Amino acid sequence: MSETIFNKIIRKEIPADIIYEDELCLAFKDVNPQAPIHILIIPKKSIPKVSDAVKDDHNVLGHLLLKAGEIANTLGVKDAFRLVINNGEDAGQTVFHLHIHLLAGRRLNWPPG
Ligand code: DGP
């Protein structure tokens, strides 16, 4: 499985502003925030893209979404936030370890572009 910078964050080999962790996932502040609140929620398992997920990943994928909602509640933004998953280079993915962006704290326009 491919190694990315996020594996190093999971192993605490490089620092990150971690706001939540459990056995399946990790959530930390994005180093290049696109909104006042910009959190990345990642599985500990190395899944490069959503389109690489397999049936056995069902539980971890559901877990990520549940935790995203809980984190939004914790941050006090439960009524206005956006979750984004970029899948593939042409969709803007730069780190090939599946991650959910949680964006909040400003007006979020649509379409995202
Ligand atoms: P994406 O473009 O969807 O693959 O998003 C990758 C995000 O990861 C991007 O918003 C910047 C963030 N990022 C990349 N490297 C690091 C890092 O070393 N630390 C943190 N906290 N975020 C990172």
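Residues numbered from 1 in each chain as written. Predicted model: local features only at pLDDT ≥ 70, side-chain atom pairs only at ≥ 80, totals over all residues. Heavy atoms only, no water.

(A) Looking closely at the pattern of salt bridges. Scanning all chains against the criterion turns up eight salt bridges. Among the salt bridges present, the one from R11 reaches E3, with a minimum N-O distance of 2.7 Å. Relative accessible area serves as the criterion here: at 45%, E3 is assigned to the partly exposed category. Among the ionic pairs, K44 bridges to E21, the shortest N-O distance being 2.8 Å. You can see K44 sitting in the loop between β3 (37-43) and α2 (58-75) and its partner E21 sitting in strand β1 (residues 18-21), a full 23 residues away along the chain. One network of salt bridges, with partners in common, ties together E3, R11 and E13. (Salt bridge = Lys/Arg side-chain N within 4 Å of Asp/Glu carboxyl O. Buried < 20%, exposed > 50% of the residue type's maximum accessible area, 1.4 Å probe, protein only. Helix = DSSP H or I, 4+ residues; strand = E, 2+ residues; numbered from the N terminus.)

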